[in-house]
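So you can see what is in the structure, the chains are spelled out below.
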Amino acid sequence: MTDRILLVEDDPDVRALVRLLLEDEGYAVVEAGSGTTALEQFKRDEIHLVLLDIRLPGLNGFEVCRQLRRTSGVPIIMLTAQDNSHDVVAGLEVGADDYITKPFNDRELVARIRAQLRRSQGTLDPPGLELAFGDIVVKGDEGRALKNGEVLPLTRTEFQLLLHLATNPNRVWSRQQLLDVVWGYSYGGDGRLVDTHIARLRSKVEADPANPTLILTVRGLGYRLDAADR
Amino acid sequence: MKVLPHGLRARSTVAFAMLALALSASLSLATYELARSYLLDQRTSFGTRQVMVNALVSKGLVAASDADGSDLLDSLRNGSNARAVLRVQGVWYSVVVDLSEASLPPGFVDAVDKNGSARQVTTVGGAPYLVIGIQLPGLRSAYFEFVPLAEYEGTLNTLGTVLIAAASVTTVGGALGGWRASRRVLRPLGQVAEAATAMSSGDLSRRLTVGPDPDLEPVANSFNEMASSLQQRIERELRFTADVSHELRTPITAMAAAIGLARRADLPDRAAFAVDVLDAQVEHLRRLTLELLEISRIDAGVADLRLEEADIEDLVGRALVAAKVPAEVLRSSLGSDLVHHVDPIRFERVLANLLENAARYGGGATAVHLWREGGDLVVVVDDDGPGVDPGDRTAIFGRFNRGSAEQPEDRPKGSGLGLALVDEHVKLHAGSVAVGVSPRGGARFIVRIPRI
């Protein structure tokens with residue numbers, strides 16, 4: 001099956017070039033030149049990944065991302081300007097899974113897309129894998145987590161992060177290790193990706209996200225999932 | 001020679017004091033003079049009347065006394081306590097011992113002989129006297145009496161003291177009034193200065209509150225107008241900067257994407273070389289626009305510092321990974337004191353630029369030290385390159401100033417803004433950056449960020 005990518009970018013030249021590049025790599029591409037078109041296209045077609053520019057006429061990328069996240073956990077890669085690092089954080093906070101700065105390197109773009117798609121589709125874990133921590137139950141084979149019996153609205157990245165921490169409870173993971181495992185970066189990457197995803201994950205699984213009891217920060221080292229007393 | 005102090009307030013204080021002094025001094029002088037002549041008049045007319053009576057008594061005594069006058073003196077002494085001197089037919093008699101004809105002012109006896117009577121103020125033995133002389137008609141005699149003025153002088157002295165005290169109080173009062181008045185007048189100026197300081201440190205929306213004062217209102221209004229137009233201009237410039245950023249980013253993105261696409265095809269050598277050149281130039285253009293925008297944002301005073309309690313070793317570690325520098329170069333003596341208030345993004349940019357600089361000119365960073373001095377965080381980046389000439393050590397932080405270092409040929413050209421940006425980012429943290437010599441003779445960059 002060919003993966004279909006929704007490419008949201010207002011400059012037609014950039015759009016045409018990226019489409020050629022992605023089609024070269026064997027992906028199907030749906031184009032959108034504005035935020036509104038992007039939302040319409042997303043409803044019309046089955047989309048496996050969204051490549052989303054932030055600066056768009058009308059509805060901007062942050063708003064598009066927020067609206068997509070209401071109904072979907074589809075992988076979203078933001079295209080951000082490099083001179084505005086705060087856009088990166090803002091984009092991740094509204095639910096993007098990863099980001100790439102403009103202008104981008106073609107190899108890097110393809111690598112990021114591949115990593116996101118592999119993660120979101122690969123057969124993950126042995127069937128029947130189920131991990132329980134108090135009121136949280138992680139169902140590895142179903143790709144979802146429950147809190148008090150209700151399905152948590154996690155994106156795929158958030159779920160992967162939770163699953164990875166849960167299968168290795170009490171072990172401390174550095175940001176770089178989490179980037180390697182969850183995002184598939186073999187080298188480099190941005191620790192803020194991990195930090196913002198941890199924050200979003202906490203806001204869904206923790207009773208009080210400001211004082212987490214399940215997903216703990218180990219200062220200077222990274223994060224761990226605390227399985228004690230549960 | 002400068003006699004007057006410089007400050008407006010000091011000058012007005014002195015001026016008010018001088019005015020008060022001049023006014024009170026002239027008033028006091030006039031009062032003193034008036035009082036003096038009035039008192040003297042009073043004393044004179046009173047004394048004259050007294051002396052006339054005494055003289056008449058003396059006349060009677062002289063007429064009744066015998067020729068040698070020895071009993072005359074006795075009668076005079078018994079009859080009154082007046083300080084009198086008598087000349088009876090050329091012979092002088094003194095009623096009191098300390099006053100005699102010698103105590104009379106020179107020429108006074110002649111004046112009495114000539115005019116029948118005379119009076120004059122004189123001093124005998126340091127004490128002031130009004131001396132009055134009267135001829136005793138038909139007896140070839142004259143009566144002289146010394147009326148003491150010491151009491152009157154005492155009164156005048158007291159008055160003088162009181163007046164001087166009053167003048168001093170008035171002068172001090174004037175100075176105080178001047179100081180207060182000038183403070184009132186200068187207070188709006190202080191507000192203007194405060195607003196201007198606030199504006200120059202980035203608070204462009206700061207305005208003066210316009211009071212109902214008709215003298216101050218125009219000043220405040222024109223200051224506020226100036227502030228508004230300044231703010232508009234800066235905002236326009238910023239919008240322009242943001243627009244330029246967007247406008248340049250799109251073509252650079254398109255070019256980079258086009259180059260990426262071209263590289264995927266099997267190109268003949270010449271075309272591949274051309275694409276390589278394009279690639280390097282687009283990369284240079286990308287960095288240049290990025291750093292120009294970064295620095296212009298700081299210049300415009302809108303670079304927001306987002307301070308966080310950050311784990312410094314973690315931030316430095318990330319920067320090392322991103323710059324592909326082996327993690328072993330990090331030598332931290334922070335221990336458990338890892339947290340410092342920094343803007344993580346800017347801090348990482350500082351590290352990235354220093355590591356990039358070390359890679360470009362010093363063969364790569366050989367050590368990154370972290371330590372504390374007082375509460376300050378010190379970050380040191382060492383390399384083993386040729387070091388920085390002492391004469392260049394300030395200049396290399398200037399814009400597009402690469403010092404006298406050789407440009408390496410195997411790396412893309414630097415933007416010439418990297419170290420200038422380091423300087424700006426560090427200054428935003430109220431810190432400092434300097435360059436010295438590393439232990440093995442290369443360059444050592446020292447960044448110091450104070451604790452907030």
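Calculation notes
- Residues numbered from 1 in each chain as written.
- Chains lettered and ligands numbered in written order.
- Predicted model: local features only at pLDDT ≥ 70, side-chain atom pairs only at ≥ 80, totals over all residues.
- Heavy atoms only, no water.
- Axes fitted to C-alpha atoms, helices over the stretch in contact; angles between N-to-C directions.
- Helix = DSSP H or I, 4+ residues; strand = E, 2+ residues; numbered from the N terminus.
- Parallel < 35°, antiparallel > 145°, perpendicular 65-115°, else oblique.
- Left-handed = near helix turned anticlockwise from the far one by under 90°.
- Contact = heavy atoms within 4.5 Å.
- Nonpolar A, V, L, I, M, F, W, Y, C, P; charged D, E, K, R; others polar.
- pLDDT = per-residue confidence, 0-100.
- 1 Å grid on protein atoms, 1.4 Å probe; cavity = no way out; pocket = protein on both sides within 12 Å on 5 of 7 lines; lining within 4 Å.
- Points joined across faces, edges and corners; volume = space filled by probe spheres on them.
- Buried < 20%, exposed > 50% of the residue type's maximum accessible area, 1.4 Å probe, protein only.
- Pairing = 2+ DSSP bridges.
- Buried area = accessible area lost by both parts, 1.4 Å probe.
- Salt bridge = Lys/Arg side-chain N within 4 Å of Asp/Glu carboxyl O.
- Polar contact = N/O pair within 3.5 Å; in protein donor to acceptor, adjacent residues only side chain to side chain.

Our next topic: the packing of helix 7 (residues 312–322) of chain B against helix 8 (residues 344–361) of chain B. All names here are of chain B. Here helix 7 crosses helix 8 at 45°, and the two axes come no closer than 9 Å. With respect to their mutual orientation, helix 7 and helix 8 come out oblique. In this structure, helix 7 crosses over helix 8, and the sense of that crossing is right-handed. Contact with helix 7, carried on its side by Ile312, Leu315, Val316, Arg318, Ala319 and Leu320, involves Pro344, Phe347, Glu348, Leu351 and Leu355 of helix 8 and no other residues of that element. Residue composition of the contact of helix 7 with helix 8, grouped by class: 9 nonpolar, no polar and 2 charged.

Residues and elements named next belong to chain B. Taken residue by residue, chain B gives an average pLDDT of 84. The fraction at 70 or more is 92%. Within chain B, helix 2 (residues 70–79) has the poorest average pLDDT of any element, 67, and strand 12 (residues 443–449) the best, 95. Confidence metrics for the complex model read pTM 0.58 and ipTM 0.74.

Our focus in this paragraph is the layout of surface pockets. Empty space within the second largest pocket amounts to approximately 720 Å³. Lining of the second largest pocket is provided by 28 residues; of these, Arg175(A), Asp195(A), Glu308(B), Glu309(B) and Arg318(B) occupy positions nearest its centre. Looking at the lining of the second largest pocket, the elements with two or more residues in it are helix 4 (85–93), helix 8 (191–205), strand 10 (215–218) and strand 11 (222–225) of chain A together with strand 6 (308–311), helix 7 and helix 8 of chain B. Residue contributions to the lining of the second largest pocket peak at 5 residues, all from helix 8 of chain A. The residue makeup of the lining of the second largest pocket, split by class, is 9 nonpolar, 5 polar and 14 charged.

Residues and elements named next belong to chain A. Strand 5 (residues 98–102) sits mainly inside the fold: 4 of its 5 residues count as buried. Note: strand 4 (residues 76–81) against strand 5, 5 bridges, orientation parallel. Looking at the pairing, Met78 lines up with Tyr99 of strand 5.

Next up on the list: the interface of chain A and chain B. The interface of chain A with chain B comprises 30 residues on the first partner and 29 residues on the second. Between chain A and chain B lies a buried interface of about 2,600 Å² when both sides are counted; carbon and sulfur atoms form 61% of it. Between chain A and chain B we count 5 salt bridges in total. Glu25(A) is the partner of Arg264(B) in a salt bridge, and the nearest nitrogen-oxygen pair spans 2.6 Å. Inspection of the region where chain A meets chain B yields 4 residue pairs in polar contact (both at pLDDT 80 or more). When contributions to the side of chain A that touches chain B are tallied by element, the ones reaching two or more residues are helix 1 (12–24), helix 4, helix 5 (106–121), helix 7 (175–183) and helix 8 of chain A.

What follows is about the sheet that holds strand 10 (residues 376–383) of chain B. Residue and element names in this part refer to chain B. Judged by pairing direction, the sheet is mixed, and its 5 strands sit side by side in the order 7-9-10-12-11 without closing on themselves. The outermost strands of the open sheet, each flanked by one partner alone, are strand 7 (330–332) and strand 11 (432–437). Geometrically, the sheet is characterised by an average inter-axis angle of 20° between neighbouring strands, direction not taken into account. Pairing of strand 9 (residues 365–373) with strand 10, which is carried by 8 bridges, proceeds in the antiparallel orientation. Considered in strand 10, the bridge of His369 is made with Val380. Its contacts with the sheet place helix 7 against strand 7, strand 9 and strand 10, and it is angled at close to 165° to strand 9. Relative to strand 10, helix 8 is tilted by about 20°, and along the sheet it contacts strand 9, strand 10 and strand 12.

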